[in-house]
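Chain residues, written in single-letter form:
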Amino acid sequence: MTRHFLRDDDLTPDEQARVLDLADDMKKDRFGHRPLAGPRTVALIFDKPSTRTRLSFSVGVADLGGSPLVLDSGSTQMGRGEPLEDTARVLERQVAAVVWRTFAQKDLETLAAHISVPVVNSLTDEFHPCQILADLQTIREHKGSLAGLTLAYLGDGANNMAHSYLLGGATAGLHVRVGAPDGYRPDPGVLARAARIAERTGGSVAVTTDPREAADGADVLATDTWVSMGQEDEAGDREAPFRPYIVDTALLSAAAPEAIVLHCLPAYRGKEISAEVIDGPRSVVWDEAENRRHAQKALLAFLLESSDAPGPEQR
Ligand code: CP
Ligand code: NVA
């Protein structure tokens, strides 16, 4: 069976912990793991802009002994309507894995359903699971553990980061609180799935419209842009409802005294986060951005090892 990572709950709690342990090893010993030696090629496909994901996967694949191939659907036949099923058959004969940033989760699922090599979600409208692995690694580095900690996410409760915090956080046994305005609540299906996972891991999930209630005593505060890629036309409408959810020193004072602050970046200072907080002593956003590479390397190694797909070099 080929293992994919399309959503955070594609890893069990034990598997997620294994990947995070491996990520820590890979951070200590950068070139010590070479599952892509050959080199085997990994296709990195971007249908949306990216700085961190492009960098961290490109450098990470090379660290693993492999060769990254960066593509975008605009310059391939994917952008001209070639069926995903056909693209899948072509890709699997050439590359060891596919990492895809795109819009619709269902397109990622279609590709994964028709391909024999691992597919990784490097952001869709619905989920950003690679980011959450890096965030969990960062929290563990700074707090020593994960299960039982409280993470409060402030801002757009209906976006990819909110959904991935709910699923990935619950998998890690975190208490995940989402503080979001009415009209921007998480998808009910994702929330229910996260609640079921939390029942097993000892975590919990909660949604509130009150930002202080969300932040109260939290060990981790997290936020994200109020206007995700593809929502640019809504920027004006979003400003007023999101304004009370800014992560600033006032909100930080409601969190635990040693609380850390996460932001997946890019950040918009003065919108979802104040400059004082993101550039201040509680912010760990640069560790978080670096950990993308370590966490994704571990994920790729795990998926390749766990998949029994032949891969192009065995055909
Ligand atoms: N956090 C993140 O995914 O950043 P990029 O959009 O720059 O890849
Ligand atoms: N929610 C943001 C995340 C950026 C990394 C977006 O989708 O644009």
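Calculation rules
- Residues numbered from 1 in each chain as written.
- Chains lettered and ligands numbered in written order.
- Predicted model: local features only at pLDDT ≥ 70, side-chain atom pairs only at ≥ 80, totals over all residues.
- Near = placed C-beta within 6 Å.
- Nonpolar A, V, L, I, M, F, W, Y, C, P; charged D, E, K, R; others polar.
- Domains from an automatic or database assignment.
- UniProt positions renumbered as here; feature names shortened; annotations may be inferred.
- Helix = DSSP H or I, 4+ residues; strand = E, 2+ residues; numbered from the N terminus.
- Expected span 1.5 Å × (residues − 1).
- Buried ≥ 20, exposed ≤ 12 C-beta atoms within 10 Å, placed from the backbone.
- Arc of directions from axis to C-beta.
- Contact = placed C-beta atoms within 7 Å.
- Pairing = 2+ DSSP bridges.
- Right-handed = clockwise from strand over helix to strand, strands pointing away.
- Axes fitted to C-alpha atoms, helices over the stretch in contact; angles between N-to-C directions.
- Core = buried A, V, L, I, M, F, W, Y, C linked by C-beta atoms within 7 Å.

### Overview of the site of ligand 1
And then number 1: Taken together, S50, T51, R52, T53, L123, Q131, C264 and L265 make up all the residues around ligand 1.
And then number 2: Of the residues belonging to the shell around ligand 1, the class tally is three nonpolar, four polar and one charged.
And then number 3: Both domains that meet at the shell around ligand 1, namely domain 1 (8–127 + 291–314) and domain 2 (131–289), each give it at least three residues.

### Notes on the UniProt feature "domain: Aspartate/ornithine carbamoyltransferase carbamoyl-P binding" (unreviewed entry) in the protein chain
And then number 1: Under the UniProt annotation, the feature "domain: Aspartate/ornithine carbamoyltransferase carbamoyl-P binding" (unreviewed entry) is placed at residues 3–141.
And then number 2: End C-alpha to end C-alpha, residues 3–141 measures 27 Å, and it is 42% helix and 14% strand.

### A word on helix 2 (residues 52–63)
And then number 1: End to end, helix 2 covers 16 Å across 12 residues, agreeing with the expected 16 Å (1.5 Å per residue, within 8%).
And then number 2: Taken residue by residue, helix 2 has T53, S56, F57, G60 and V61 as its buried positions. Buried residues in helix 2, looked at end-on, bunch into an arc of 120°, giving them a common side.
And then number 3: Buried residues along helix 2 sit in contact with strand 1 (41–46), strand 2 (67–71), strand 3 (97–101) and helix 12 (285–306).
And then number 4: Remark: G65 follows helix 2 within two positions and exhibits a positive phi of approximately 90°.

### Here we look at the domain arrangement of the protein chain
And then number 1: In terms of domains, the protein chain is made up of domain 1 (8–127 + 291–314) and domain 2 (131–289).
And then number 2: Averaged C-alpha coordinates put domain 1 and domain 2 at centres separated by 25 Å.
And then number 3: Domain 1 puts 23 residues into the contact, and the matching count from domain 2 is 23 residues.
And then number 4: Where the side of domain 1 that touches domain 2 is concerned, the elements lending two or more residues are helix 1 (13–28) and helix 12.
And then number 5: At six residues, helix 1 tops the list of elements feeding residues into the side of domain 1 that touches domain 2.
And then number 6: Each residue belonging to the side of domain 1 that touches domain 2 can be placed in one class, and the counts come to 11 nonpolar, four polar and eight charged.

### Here we look at the pairing of strand 6 (residues 175–179)
And then number 1: Most of strand 6 is tucked away, with five of its five residues classed as buried.
And then number 2: Of the strand pairs in this sheet, strand 5 (residues 150–154) and strand 6 are connected by five bridges, and their pairing is parallel. Bridge pairing in strand 6 places T150 opposite H175.
And then number 3: Handedness of the crossover joining strand 5 and strand 6 through helix 6 (residues 160–171) is recorded here as right-handed.
And then number 4: When strand 6 meets strand 7 (residues 204–208), the two strands line up parallel, connected through five bridges. Note that in strand 7 the partner of R177 across the bridge is A206.
And then number 5: Handedness of the β-α-β unit built from strand 6, helix 7 (residues 188–201) and strand 7 comes out right-handed.

### Let's talk about the sheet that holds strand 5
The pairing of strands in a sheet happens through backbone hydrogen bonds and is either parallel or antiparallel.
And then number 1: An order of 7-6-5-8-9 is seen for the five strands of this open sheet, with the pairing classed as parallel. Either end of the sheet is taken by a strand with one partner, and the two such strands are strand 7 and strand 9 (260–263). Within the sheet, the average angular offset between the axes of one strand and its neighbour, ignoring direction, is 20°.
And then number 2: Packed onto the sheet, helix 7 meets strand 6 and strand 7 and runs at close to 145° relative to strand 7.

### Here's the deal with the nonpolar core
And then number 1: Within the largest apolar cluster, 90 residues are counted, with the highest numbers of intra-cluster contacts made by A97, V98, L166, L221 and L299.
And then number 2: The greatest single-element share of this core, amounting to nine residues, is contributed by helix 12.
And then number 3: Shared between two domains, this core holds at least three residues of each, these being domain 1 (8–127 + 291–314) and domain 2 (131–289).
And then number 4: Ignoring sequence-local partners within four residues, the contact set of A97 consists of V42, V117, P118, V120, L300, L303 and L304.

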